[in-house]
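# Architecture and fold: a report
Here is how the chains run, residue by residue.
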Amino acid sequence: MTAPTGAGKTALVRELDPSRFEIISFDSRQIYKELSIGTAAPSPEDCEKIPHHLVSFLSPAESIDAAKFVTKAEEALDDILSRGKIPVLTAGTGFYLNAFLYGMFPVPKITEDIKLKVESLSMEERIRELQKVDPKALQKIFPNDNYRYGRALEVNWMGTLWSELKVEEGSGALISKKLNILGAFFLDLDRKELYERIDSRAKKMIESGMAEEAKRVSDKYGEDCPGLQSLGYNFALENIKGTSNLETFFGNLSQSHRNYAKRQITWFRKQKILEQVHPSEAYKKIKNING
């Protein structure tokens with residue numbers, strides 16, 4: 001099940017029968033510990049109600065690439081299936097889900113000097129370099145995905161065009177794990193309803209202490225730690241430093257989530273495997289799955 005940010009994935013799966021289902025989350029932001037407010041991660045109560053895998057497991061000081069994430073997802077899948085339960089895959093990060101289902105790009109091993117060179121570049125500099133060496137790559141990467149810009153640039157500087165990489169056939173879980181997909185849904189809300197939900201959630205994040213959360217993590221791991229590169233934390237840090245007021249914080253946070261949702265919708269609507277349904281309809285369809 002896929003959905004744009006704010007569409008209600010967590011609320012939906014929370015109501016599923018935990019004796020039958022468990023959740024594997026494919027979300028590049030909800031992986032971090034200590035950042036549950038600004039990433040809208042499932043709460044401890046949610047995880048008690050129904051088990052969630054790959055949520056709040058990584059330190060904000062660490063980063064994870066798609067290959068390592070896929071390995072963890074495969075371990076979670078095997079664990080769930082071994083206990084006779086049905087895994088429900090929820091995704092906000094389509095790249096991770098596709099890598100898991102269909103396989104990884106065979107990227108070359110990146111040398112340490114190339115990694116350091118890329119790490120030293122700002123997002124704008126990475127975009128300019130990609131424009132020089134592999135402009136087609138920019139057409140395949142979500143705008144402002146600084147991590148993906150960096151990975152593409154690393155691959156290009158190792159002598160391989162990132163835009164021309166092909167997935168190794170049969171390397172994904174669909175074939176290697178012989179998965180039987182019983183339903184594939186995209187939660188499709190009316191744009192007005194989605195934006196109202198995003199606004200409401202942004203307000204709740206601020207009221208719940210997102211700025212204070214950002215400061216705690218910044219003080220502990222540094223402002224540039226990977227966890228704080230997640231969507232919206234730059235605005236939280238501006239607010240806690242006093243360089244923006246609550247109104248500006250809310251406006252920037254809500255708009256950034258709206259922009260991200262637009263990119264997610266565009267991406268997910270291109271995936272032919274997905275059936276576009278309203279969340280209430282998706283719940284009925286998942287609940288009635290027999291596995």
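For clarity, every value in this text was computed on a predicted model and none was experimentally measured. (Residues numbered from 1 in each chain as written. Predicted model: local features only at pLDDT ≥ 70, side-chain atom pairs only at ≥ 80, totals over all residues. Heavy atoms only, no water.)

Inspection of helix α15 (residues 279–287) places Pro279, Ala282 and Ile286 among the buried residues, and these make up the whole buried set. Buried residues of α15, viewed axially, fall in a sector of 55°; they line one side. (Buried < 20%, exposed > 50% of the residue type's maximum accessible area, 1.4 Å probe, protein only. Helix = DSSP H or I, 4+ residues; strand = E, 2+ residues; numbered from the N terminus. Arc of directions from axis to C-beta.)

Within this structure, the stated rule accounts for 17 salt bridges. Note that Asp188 is salt-bridged to Arg269, the shortest N-O span being 2.9 Å. Of this pair, Asp188 sits in the loop between β4 (185–187) and α11 (191–208) while Arg269 sits in helix α14 (residues 246–269); the two residues are 81 residues apart in sequence, bridging distant segments of the chain. Its relative accessible area of 23% is what places Asp188 among the partly exposed residues. The exposure class assigned to Arg269 is partly exposed, which follows from its relative accessible area of 41%. Among the charged side chains, a network of salt bridges with common partners joins Arg14, Glu15, Asp46 and Lys49. (Salt bridge = Lys/Arg side-chain N within 4 Å of Asp/Glu carboxyl O.)

The UniProt record annotates "binding site: ATP" (unreviewed entry) at Ala3, Pro4, Thr5, Gly6, Ala7, Gly8, Lys9 and Thr10. With respect to the helices and strands, Pro4 occurs in the segment before α1 (9–14). Assessed through its relative accessible area of 2%, Pro4 is described here as buried. Discounting chain neighbours no more than four positions away, the residues touching Pro4 are Lys9, Phe186, Leu187, Leu194, Ala261, Gln264 and Ile265. With respect to the helices and strands, the residue Thr10 is situated in helix α1. Here Thr10 is in contact with Ala40, Pro42 and Asp46, once residues within four sequence places are set aside. (UniProt positions renumbered as here; feature names shortened; annotations may be inferred. Contact = heavy atoms within 4.5 Å.)

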